[in-house]
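Listed here are the chains, written in short residue letters.
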Amino acid sequence: PPNPPQQQQQQQQQTTQQPMIRRPQTSKTPRGILQEWLQKHKKNKPRYRVTEKADGKFTCKVVLPDKFKPDNDVVLFCDDVHASKDDAEDAAAVLALARVGTNLPLER
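Quick caveat, the model's predicted, so the values are computed rather than measured.

Peer 1: Teacher, can you tell me more about the overall build of the chain here?
Peer 2: Each helix and strand counted, the chain has three helices and three strands in total. Traced from its N-terminal end to its C-terminal end, the chain shows the element sequence α-α-β-β-β-α. The 108 residues of the chain split such that 23% are buried. Sequence separation of at least 24 residues holds for 41% of the intrachain contacts in the chain that already meet a minimum separation of 6. A total accessible area of about 8,700 Å² is found for the chain, and carbon and sulfur atoms account for 48% of it.

Peer 1: Help me understand the nonpolar core in this model?
Peer 2: A general trend in soluble globular proteins is that nonpolar side chains are found buried together. One finds Leu34, Tyr48, Val62, Leu64, Ala92 and Ala96 to be the most contacted residues of the largest nonpolar core, which totals 17 residues. Breaking this core down by element, the ones donating at least two residues are α2 (30-40), β2 (58-64), β3 (74-82) and α3 (85-100). The leading source of residues in this core is α3, at six residues. Residues in contact with tyrosine 48, not counting those within four places in the same chain, are Arg31, Leu34, Cys60, Lys61, Val62, Glu89, Ala92 and Ala93.

Peer 1: Is there a simple way to explain the environment of phenylalanine 77 in this structure?
Peer 2: Within the element layout of this structure, phenylalanine 77 appears in strand β3. Residues phenylalanine 77 and cysteine 60 lie 17 residues apart in sequence; the distance between their C-alpha atoms is 6.5 Å.

Peer 1: It is not clear to me how the packing of α2 against α3 should be interpreted in this structure. Could you clarify?
Peer 2: Remark: α2 packs on α3, axes separated minimally by 8 Å, with the N-to-C direction vectors making an angle of 40°. Comparing the axis directions of α2 and α3 gives the class oblique. Crossing of α2 against α3: the hand is left-handed. For the pair α2 and α3, the contacting residues are Pro30, Arg31, Ile33, Leu34 and Trp37 in the first and Asp86, Glu89, Asp90, Ala93, Val94, Ala96, Leu97 and Val100 in the second. Of the residues belonging to the contact of α2 with α3, the class tally is nine nonpolar, no polar and four charged.

Peer 1: Explain the sheet that holds strand β1 (residues 47-52) here, please?
Peer 2: Strand-to-strand pairing in sheets goes through backbone hydrogen bonds, with the strands running parallel or antiparallel. Taken in spatial order, the three strands of this open sheet run β1-β2-β3, and their pairing is antiparallel. Two strands lie at the open edges of the sheet, namely β1 and β3, each paired on one side alone. Within this sheet the neighbouring strands show an average axis-to-axis angle of 20°, counted without direction. Of the pairings in the sheet, the one linking β2 to β3 comprises six bridges and is antiparallel in character. The residue bridging leucine 64 from the neighbouring strand is valine 74, located in β3. Its contacts with the sheet place α3 against β1, β2 and β3, and it is angled at close to 135° to β3.

Peer 1: Would you mind showing me how to read the pattern of salt bridges here?
Peer 2: A side chain of one charge can pair with a side chain of the opposite charge when the charged atoms of the two come close. Counted according to the given criterion, the structure contains five salt bridges. Note that glutamate 36 and lysine 28 form a salt bridge whose closest N and O atoms lie 3.2 Å from each other. For glutamate 36, a relative accessible area of 34% translates into the label partly exposed. Taking relative accessible area as the criterion, lysine 28 reaches 38% and is therefore assigned partly exposed. Residue arginine 31 pairs with aspartate 86 through a salt bridge whose shortest N-O separation is 3.5 Å.

The rules behind these values
Residues numbered from 1 in each chain as written. Predicted model: local features only at pLDDT ≥ 70, side-chain atom pairs only at ≥ 80, totals over all residues. Heavy atoms only, no water. Helix = DSSP H or I, 4+ residues; strand = E, 2+ residues; numbered from the N terminus. Buried < 20%, exposed > 50% of the residue type's maximum accessible area, 1.4 Å probe, protein only. Contact = heavy atoms within 4.5 Å. Areas by Shrake-Rupley, 256 points an atom, 1.4 Å probe, with all protein chains shown as cover. Core = buried A, V, L, I, M, F, W, Y, C linked by side-chain atoms within 4.5 Å. Axes fitted to C-alpha atoms, helices over the stretch in contact; angles between N-to-C directions. Parallel < 35°, antiparallel > 145°, perpendicular 65-115°, else oblique. Left-handed = near helix turned anticlockwise from the far one by under 90°. Nonpolar A, V, L, I, M, F, W, Y, C, P; charged D, E, K, R; others polar. Pairing = 2+ DSSP bridges. Salt bridge = Lys/Arg side-chain N within 4 Å of Asp/Glu carboxyl O.

Okay, structure coming up:
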């Protein structure tokens, strides 16, 4: 049987010989998916309004503007409370996607 230093050396050789598996970063944020959907349908980009609560948490509303009639803007309020501004904006984007892009897959 090989002694312990030889075992360690063999293990190191085995680990260095195994190919490292890297997965491409393909997931998109809800904000990115919403932006792409709006561009594809020739609509204006969304406007996000983040509000900070007294406890340091965040909520967000998203406005989907109408190109020709501001009275037809779609305003969606996401009352969920989140730890960061980005999370709050992503939650609002999910809400907007559920409203406008009903045929989009839930995951990519």
